[in-house]
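What follows is each chain in one-letter form.
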Amino acid sequence: MQRDIPPFFSFSFHRDFLPALLRERLRAGRRNSGSPLSEHMAEGVPIEFTILTIVALAVAFWGMVAVIDKGMVGGWFLLIAGGGGFLMLLVNSINSGRDFRPSPESFRPAAFLFFLILGLTAGALPASLGHAVSTRVAMTAAGIILGYLLGALAGLWIKRLGWMSTLLEAMALPTIIGMIVVDLVLIFG
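Residues numbered from 1 in each chain as written. Predicted model: local features only at pLDDT ≥ 70, side-chain atom pairs only at ≥ 80, totals over all residues. Heavy atoms only, no water.

S.K.: Any chance you could break down the overall build of the protein chain for me, citing the residues and the numbers?
M.R.: When its secondary structure is counted, the protein chain shows 7 helices and 0 strands. The order of helices and strands in the protein chain, counted from the N terminus, is α-α-α-α-α-α-α. Within the protein chain, buried positions represent 33% of all 189 residues. Within the protein chain, contacts between residues separated by at least 24 positions form 73% of all contacts whose residues are at least 6 apart in sequence. A total of about 11,400 Å² of accessible surface is found on the protein chain, and carbon and sulfur atoms cover 74% of it. (Helix = DSSP H or I, 4+ residues; strand = E, 2+ residues; numbered from the N terminus. Buried < 20%, exposed > 50% of the residue type's maximum accessible area, 1.4 Å probe, protein only. Contact = heavy atoms within 4.5 Å. Areas by Shrake-Rupley, 256 points an atom, 1.4 Å probe, with all protein chains shown as cover.)

Below is the structure:
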């Protein structure tokens, strides 16, 4: 069932289309609640890409720690090798998603919710620094609105990143939980 997406800056997109789509995709996700890696494998992406991505990031991180803590020359080598490997994998991933066109069926609720909660966190963090109540409310509202807009775009377009989008979605879910805990501490602490 192919539906047309209304223009992003239209009232019907935000009032009718996006809430119904989010509700539909969350229900579908609950019915198909498997491992994110099983979806990764179902999309025909070899698990080696996921392993190589994790290894490249770990090598880059290890090199960065060696450079910062000890100023080791070998740390620079690891940082450049790991970062370069990750960059090559990212380019490969984006290249694999170059023909993607957003559709309601490709909407990713995890990306939408990640940016929505990130917006709340970004608005609540400066608001928690002792400003007046009206400033806190305005900063938090601005963060939520920006997060909502970025989340709606990310939910529709994250598949443009190719095979790496599934890996990012898998990392988004625990991050959302962590940001909610931080938000509760910032808002009520």
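S.K.: For helix H7 (residues 164–188), give the residues involved together with the corresponding values.
M.R.: With 25 residues, H7 extends 36 Å between its outermost C-alpha atoms, agreeing within 8% with the 36 Å of an ideal straight helix rising 1.5 Å per residue. Residue Leu173 marks the point of greatest curvature in H7, where the axis turns by about 25°; the proline Pro174 follows within four residues. Those residues of H7 lying buried are Met164, Ser165, Thr166, Leu167, Glu169, Ala172, Ile176, Met179 and Asp183. (Expected span 1.5 Å × (residues − 1). Bend = angle between axes of the 7 residues up to and from the residue.)

S.K.: How would you sum up the packing of aromatic side chains? Please name residues and give values.
M.R.: Given two aromatic rings, one states the distance between the centres and the angle between the planes to describe the pair. Inspection of the entire model under this criterion finds 7 aromatic pairs. Here Phe13 and Phe17 contribute two aromatic rings whose centre-to-centre distance is 5.4 Å and whose plane-to-plane angle is 35°, an arrangement assigned as tilted. Of this pair, Phe13 and Phe17 both sit in helix H1 (residues 11–31), separated by 4 residues, roughly a single helical turn. For the pair Phe13 and Phe17, one class covers both residues: buried. For the pair Phe112 and Tyr148, a centre-to-centre distance of 5.8 Å together with 85° between the ring planes defines the contact as edge-to-face. Here Tyr148 lies in helix H6 (residues 133–157) and Phe112 lies in helix H5 (residues 109–127), a separation of 36 residues in the sequence. Overall, the relative accessible area of 23% leaves Tyr148 in the partly exposed class. In textbook terms, an aromatic cluster arises when at least three aromatic residues are bridged by ring pairs, as seen for Phe8, Phe13 and Phe17. (Phe/Tyr/Trp six-rings, centres within 6.5 Å; stacked < 30°, edge-to-face > 60°.)

S.K.: I'd like a description of the layout of surface pockets, backed by residues and values.
M.R.: Put simply, the second largest pocket is a space of about 160 Å³. Every residue lining the second largest pocket is listed: Ala111, Phe114, Phe115, Ala154, Ile158, Leu161, Leu168, Glu169, Met171 and Ala172. Listing elements by their share of the lining of the second largest pocket, those giving two or more residues are H5 and H7. (1 Å grid on protein atoms, 1.4 Å probe; cavity = no way out; pocket = protein on both sides within 12 Å on 5 of 7 lines; lining within 4 Å. Points joined across faces, edges and corners; volume = space filled by probe spheres on them.)

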